[in-house]
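# Chain and residue survey
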Amino acid sequence: MARPEVLERIKDAEEEADEIIAEAEADAEERLSEARKRAEEIRSEAEEEASAEAEERLESAREEIEERKSEILAEGEQDREELESEARERVDEAVEYAVDQFEEAVNAQA
């Protein structure tokens, strides 16, 4: 093979190698771009899921708080009614005690 032909084949091989490298670099860039896009989609989906889960937990906590609040208010209402009932039952005793104290004071002065 003549020297010019060898040089031409080397030049052709170098050009082919350059094209292969350029295609590989372009392919790598495209894959990297696609991977970044997919990673962003995954991150976005994860954020949405986390936000939805947080909202669910918050709503559940609100419901539990509301239930507990209702229970506490019901207990308080029952306690109030019991105290009022006990107080009504003791009104006669209190009046009698006050009258006795008053009579003792009046008798002590007389």
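None of these values were measured; they are calculated from a predicted model.

### Quick look at helix 1 (residues 3-109)
- Over its 107 residues, helix 1 runs 148 Å from end to end, which matches the ideal 159 Å to within 8%, given 1.5 Å per residue.
- Maximum bend of helix 1: about 40 degrees, positioned at Arg 90.

### Remarks on the pattern of salt bridges
- With the rule as written, the count across this model stands at 12 salt bridges.
- With a shortest N-O distance of 3.4 Å, Arg 88 and Glu 84 are connected by a salt bridge. Here Glu 84 and Arg 88 lie together in helix 1, a separation of four residues that amounts to about one turn.
- Relative accessible area serves as the criterion here: at 56%, Arg 88 is assigned to the exposed category.
- Overall, the relative accessible area of 33% leaves Glu 84 in the partly exposed class.
- Counted as one network, the salt bridges with shared partners bring together Glu 77, Arg 80, Glu 84 and Arg 88.

Analysis parameters
- Residues numbered from 1 in each chain as written.
- Predicted model: local features only at pLDDT ≥ 70, side-chain atom pairs only at ≥ 80, totals over all residues.
- Heavy atoms only, no water.
- Helix = DSSP H or I, 4+ residues; strand = E, 2+ residues; numbered from the N terminus.
- Expected span 1.5 Å × (residues − 1).
- Bend = angle between axes of the 7 residues up to and from the residue.
- Salt bridge = Lys/Arg side-chain N within 4 Å of Asp/Glu carboxyl O.
- Buried < 20%, exposed > 50% of the residue type's maximum accessible area, 1.4 Å probe, protein only.

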